[in-house]
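Examining the three-dimensional arrangement
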2 protein chains.
Amino acid sequence: MKAPRDIPSDLLESLRSLGLTKYEALVYIGLLRVAGATATEIHEISGVPRASVYPALDRLAQKELVSVSHTTPKRFDAIPPAQGIENLMRRIEMDAESALAALDVFYREKDVEYRGNQELVWTIYGEENIKARLSDMFQSAERSVEVLASWSLLQGNVLALLKPIPQSVQVDIITDSWRGERPSRFRVSVHPLGALYEAHAPPGRGLRYENSGVFLVDDAKALVWMGSAGEQPSALYSESSGLVQFVRRYLASVAEWVAAASP
Amino acid sequence: MKAPRDIPSDLLESLRSLGLTKYEALVYIGLLRVAGATATEIHEISGVPRASVYPALDRLAQKELVSVSHTTPKRFDAIPPAQGIENLMRRIEMDAESALAALDVFYREKDVEYRGNQELVWTIYGEENIKARLSDMFQSAERSVEVLASWSLLQGNVLALLKPIPQSVQVDIITDSWRGERPSRFRVSVHPLGALYEAHAPPGRGLRYENSGVFLVDDAKALVWMGSAGEQPSALYSESSGLVQFVRRYLASVAEWVAAASP
DNA sequence: ACCTTGTTGTTTTTTTAGCAACAACATTTA
DNA sequence: TAAATGTTGTTGCTAAAAAAACAACAAGGT
């Protein structure tokens, strides 16, 4: 017989986000280990109270994760993980699709209600959301795009978004290093910016250098990317004169400083 | 101002399976409708108690579904549904991946513990699981494969699985109709089986004709596919002599009956 | 002086987890 | 074979956790 071996709690968390309860997860894991077990055996190996094993198994069967034998006592078997998780994901994806369809209906009725929208400063959470907003900004550019960003951020997230910008728009980039070929399309200025950032943010706190950047489009839309190392990144976005002014001056002064340091 | 319009509960269900609570879902939907609303406005449009709007918004921000403005009062905005749902799915898919990796570790340690496994009759739930099992059966075939199934089932689910069967295996198929070219690879026998099925199952109850089938491999492995129209299909599978004998006789008698009716 | 926002507790409800007891049947023991 | 014992599958009930709903209030704005 086997011990009710400890299950890493982040596995239980992952399975929960796939729609399983703790007991369902434990029972399924138990079944993966024994193959064709009875309810009592599952109880022993999983640590789930025997009486709770039955309802858990019922739900697992509904979710297409276990098969049931017609013997007495009943025996149960787990669908292999790859197939099982695929079964769960299929359901979730169907939910995602129908939810998306339904949500789009609401979204289309949206009241824009021009609330002096341009006066606001927004905080945007999550890399994808920030990239989406940046992409919108760049696509709306008519005259100028100014970028001040660490190379890692540029390389990983920004450069691809800059590509669709038309020739008629002047693109200035200031960064701390550049690997690979230097595109002639952009006006690139490379300079070690470490000192600059450290002057503004005390080490350890505040903006870490690695993944931050400042973006300005047509002197009218500004975005500040703040990547707190490891954690979820966030950004400030605004079309308000306040933040835009600040960013304009900041970029100007950095550009000046860089020009002075490397003629 | 807008009424706290009714939200279809299956939308809330779908969003719940994507990891949102009822309040989170209602707040998000509310935000989709107004664009840049204050907490109080969200409260009014969504029907969520005002005090509960704030924690819900916090969690939505963590989940990358809303942005926040830095005004007083704060204003909030929803990420568009397509992007938002993609953000949710990304997390879930990551969970699925890591869960799969962890589960596979357990799965590999599996005790086979030959429990006279071939004595059991298993119930398998879900189309994908049944197809996986059928595929295994067919791939293990060494001499014969016998199929009795409605055309819709054959066409939709089974035919593809029959392809990889080697030439050396004799494949017999009985079905009620056949559209498209008749493959010479298989010994196909087409006959309207309606009468047969109705004789066995009273109309309304029991096996519906449309999506059912019987499969036998090497006279040793049998699977009975039961498709209760619309609902989740299930199947019986066995290598036990009991069910196999039954299926053998059943198939034999049907084959005989068909042969007699259409010489 | 009054209203609104953002926040903090507290209560109620729902869901999940855990436990106790039992009838039906199967297995052993006398 | 009959009593004793054990196991399985259920049912119902209690406890804990999570979510929902409400009450109250300080801070600031009008």
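Now for a description of the structure that goes with this document. Computed from a prediction, not measured in an experiment: that's the story for all the values here.

1. Side note on the protein's contact with DNA strand D
Near DNA strand D you find Thr-40, Arg-50, Ala-51, Tyr-54, Pro-73 and Lys-74 of chain A together with Thr-21, Lys-22, Tyr-23, Pro-49, Ala-51 and Ser-52 of chain B, and these make up its full shell. Here, DNA strand D places atoms within 4 Å of the protein, and 64% of those atoms are sugar or phosphate. Taking Lys-22 of chain B, its main chain carries an N or O atom lying 2.9 Å from a phosphate oxygen of DNA strand D. Contact between DNA strand D and Tyr-23 of chain B: a phosphate oxygen at 2.2 Å from a side-chain N or O atom of the residue.

2. Describing the pairing of strand S4 (residues 121-125) of chain B
All names here are of chain B. Burial within S4 is extensive, with five of its five residues counted as buried. Side chains Val-121, Thr-123 and Tyr-125 project from S4 onto one buried face, and the interleaved Trp-122 and Ile-124 project onto a second face that is buried too. Bridge count between S4 and strand S10 (residues 234-238): five bridges; the pairing is antiparallel. Bridge pairing in S10 links Thr-123 to Leu-236.

3. A closer look at the protein's contact with DNA strand C
Around DNA strand C, the structure places 13 residues, and the nearest of them are Lys-22 and Tyr-23 of chain A together with Thr-40, Arg-50 and Lys-74 of chain B. Here DNA strand C approaches the protein such that, of its atoms within 4 Å, sugar and phosphate make up 63%. Thr-21 of chain A has a polar side-chain atom sitting 3.2 Å from a phosphate oxygen of DNA strand C. In this structure, Thr-40 of chain B approaches DNA strand C through a side-chain N or O atom, which is 2.5 Å from a phosphate oxygen. Listing elements by their share of the surface near DNA strand C, those giving two or more residues are helix H2 (22-34) and helix H4 (50-62) of chain A together with helix H3 (39-46) and helix H4 (50-62) of chain B.

4. Here's the deal with the interface of chain B and chain A
Facing 67 residues of chain B, the contacting portion of chain A comprises 67 residues. In total, chain B and chain A occlude about 6100 Å² of area from one another, counting both sides; carbon and sulfur atoms represent 61% of this. Here chain B and chain A share zero salt bridges between them. At the junction of chain B with chain A, the criterion picks out 20 residue pairs in polar contact (both at pLDDT 80 or more). Within the residue set of the side of chain B that touches chain A, elements represented by two or more residues are helix H1 (9-17), helix H2 (22-34), H4, strand S2 (66-69), strand S3 (75-78), helix H5 (81-108), S4 and helix H6 (127-140) of chain B.

5. Focus on the sheet that holds strand S2 (residues 66-69) of chain A
The strand order S1(A)-S3(A)-S2(A)-S4(B)-S10(B)-S9(B)-S8(B)-S5(B)-S6(B)-S7(B) describes an open sheet built from ten strands, whose pairing is mixed. Of all the strands in the sheet, just strand S1 (37-38) of chain A together with strand S7 (187-190) of chain B have a single pairing partner and so form its edges. Here five bridges tie strand S5 (residues 144-149) of chain B to strand S6 (residues 170-175) of chain B, and the two strands are oriented parallel to one another. Residue pairing in the sheet places Val-147 of chain B in a bridge with Ile-173 of chain B of S6 of chain B.

6. Thoughts on H6 of chain B
Given a rise of 1.5 Å per residue, 14 residues ought to cover 20 Å, and the 20 Å separating the end C-alpha atoms of H6 of chain B matches this to within 8%. Within the span of H6 of chain B, buried status applies to Asn-129, Ile-130, Lys-131, Leu-134, Ser-135, Met-137 and Phe-138 of chain B.

7. What about the sheet that holds strand S10 (residues 234-238) of chain A?
Pairing in this open sheet of ten strands is mixed, and the strands run S7(A)-S6(A)-S5(A)-S8(A)-S9(A)-S10(A)-S4(A)-S2(B)-S3(B)-S1(B) from one edge to the other. Unpaired on one side and paired on the other, strand S7 (187-190) of chain A together with strand S1 (37-38) of chain B mark the two borders of the sheet. Bridge count for strand S8 (residues 212-217) of chain A against strand S9 (residues 221-226) of chain A is six bridges, and the pairing is antiparallel. Looking at the pairing, Phe-215 of chain A lines up with Leu-223 of chain A of S9 of chain A.

8. A word on the relation of the copies chain B and chain A
Expressed as a screw transformation, the operator carrying chain B onto chain A has a rotation angle of 180° and an axial translation of 0.0 Å, and the superposed copies differ by an RMSD of 0.1 Å. Each copy turns onto its partner about a two-fold axis. Mapped onto chain A, 100% of the interface residues of chain B are again interface residues, and the two copies thus contact each other with one and the same surface.

9. Some remarks on the nonpolar core
Within the largest apolar cluster, 76 residues are counted, with the highest numbers of intra-cluster contacts made by Leu-15, Leu-18 and Leu-31 of chain A together with Leu-15, Leu-18 and Leu-31 of chain B. Leu-18 of chain A has contacts with Ile-85, Leu-88, Met-89 and Ile-92 of chain A together with Ile-92 and Ala-96 of chain B, leaving out every residue within four places of it along the chain. With 31 residues, the next largest nonpolar core counts Met-137, Ala-149, Leu-162 and Val-188 of chain A among its residues.

10. What about the pattern of salt bridges?
Residue and element names in this part refer to chain B. If you walk through the whole model with that rule in mind, you get 20 salt bridges over all chains. For Glu-24, the salt bridge goes to Lys-63, with nearest N and O atoms at 2.9 Å. With Glu-24 in helix H2 and Lys-63 in the loop between H4 and S2, the pair connects residues that are 39 residues apart, well separated along the chain.

Calculation rules
- Residues numbered from 1 in each chain as written.
- Chains lettered and ligands numbered in written order.
- Predicted model: local features only at pLDDT ≥ 70, side-chain atom pairs only at ≥ 80, totals over all residues.
- Heavy atoms only, no water.
- Near = heavy atom within 4 Å.
- Polar contact = N/O pair within 3.5 Å; in protein donor to acceptor, adjacent residues only side chain to side chain.
- Buried < 20%, exposed > 50% of the residue type's maximum accessible area, 1.4 Å probe, protein only.
- Helix = DSSP H or I, 4+ residues; strand = E, 2+ residues; numbered from the N terminus.
- Pairing = 2+ DSSP bridges.
- Contact = heavy atoms within 4.5 Å.
- Buried area = accessible area lost by both parts, 1.4 Å probe.
- Salt bridge = Lys/Arg side-chain N within 4 Å of Asp/Glu carboxyl O.
- Expected span 1.5 Å × (residues − 1).
- Least-squares fit on C-alpha atoms with pLDDT ≥ 70 in both.
- Core = buried A, V, L, I, M, F, W, Y, C linked by side-chain atoms within 4.5 Å.

Bear in mind that shape data such as this cannot, by itself, settle questions of function.
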